[in-house]
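Tertiary structure, described
The primary structure of each chain is shown beneath.
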Amino acid sequence: MIKLKNHLGTIEISQNVFVNLVGSTATSCFGVAAMASPHPAAGFFKTLRGLGEDTRGVSIRTRNGSLIIDLHIIVTYGINISAIVKSIMHKVSYTVEEVTGIPVEHVNVFVDGMRTN
């Protein structure tokens, strides 16, 4: 749960909202084949037991009133990885700030694999 305090009160935004927003924004970028689990073994056991939230390769934390977003992605083979990562960082940061009004400090993108089509 992300909490924001302003002069009118406290706003709480669910972690699930951020995961869905960031995940759909990242996968809409050219060259992204899929999201990857940040911890494949942990994700497998949570799915097997039916426990935990679906994070879809997205980790979000706060620091000094702004967000730090970690993304784990799988890219399409033959695409310039540097260009894809820069595009994702910019688009995710812009979209999150536009939709939620919360500043984004960093977007860290981890390329965990490559997929051929």
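Overview of the structure. (Residues numbered from 1 in each chain as written. Predicted model: local features only at pLDDT ≥ 70, side-chain atom pairs only at ≥ 80, totals over all residues. Heavy atoms only, no water.)

**Structural notes on the pattern of salt bridges**
By the definition in use, this model includes two salt bridges. One salt bridge connects D70 with R61, and the closest N-O pair in it is separated by 2.7 Å. Judged by its relative accessible area of 11%, D70 falls in the buried class. Between E105 and R63 there is a salt bridge whose closest N-O contact spans 2.6 Å. Taken as a pair, E105 in strand 6 (residues 104–115) and R63 in strand 4 (residues 58–63) lie far apart in primary sequence, 42 residues in all. (Salt bridge = Lys/Arg side-chain N within 4 Å of Asp/Glu carboxyl O. Buried < 20%, exposed > 50% of the residue type's maximum accessible area, 1.4 Å probe, protein only. Helix = DSSP H or I, 4+ residues; strand = E, 2+ residues; numbered from the N terminus.)

**Focus: the pairing of strand 2 (residues 9–13)**
As paired elements, strand 1 (residues 2–6) and strand 2 share five bridges and run antiparallel to each other. Each residue of the ladder has a partner; that of N6, found in strand 2, is G9. Connecting the antiparallel pair strand 1 and strand 2 is a turn made up of two residues. (Pairing = 2+ DSSP bridges.)

**Let's talk about the environment of K5**
By secondary structure assignment, the location of K5 is in strand 1. Taking relative accessible area as the criterion, K5 reaches 74% and is therefore assigned exposed. When the C-alpha atoms of K5 and G65 are compared, they prove to be 9.4 Å apart, with 60 residues separating the residues in sequence.

**Structural notes on a nonpolar patch on the surface**
Taken together, the side chains of Y77, I81, V111 and M114 present a nonpolar region at the surface, about 380 Å² in accessible area. With respect to the helices and strands, the residue V111 is situated in strand 6. Note on V111: relative accessible area 33%, which makes it partly exposed. (Patch = residues over 30% accessible without salt bridge, like charges linked within 9 Å, V, L, I, M, F, W, Y side chains within 5 Å. Areas by Shrake-Rupley, 256 points an atom, 1.4 Å probe, with all protein chains shown as cover.)

**Quick word on unusual backbone geometry**
Here N64, not a glycine, exhibits a phi torsion of approximately 55 degrees, which is positive. With respect to the helices and strands, N64 occurs in the loop between strand 4 and strand 5 (66–76). Of the residues examined, N64 reaches a relative accessible area of 76% and is grouped as exposed.

Just geometry here; none of it tells us what the structure is for.
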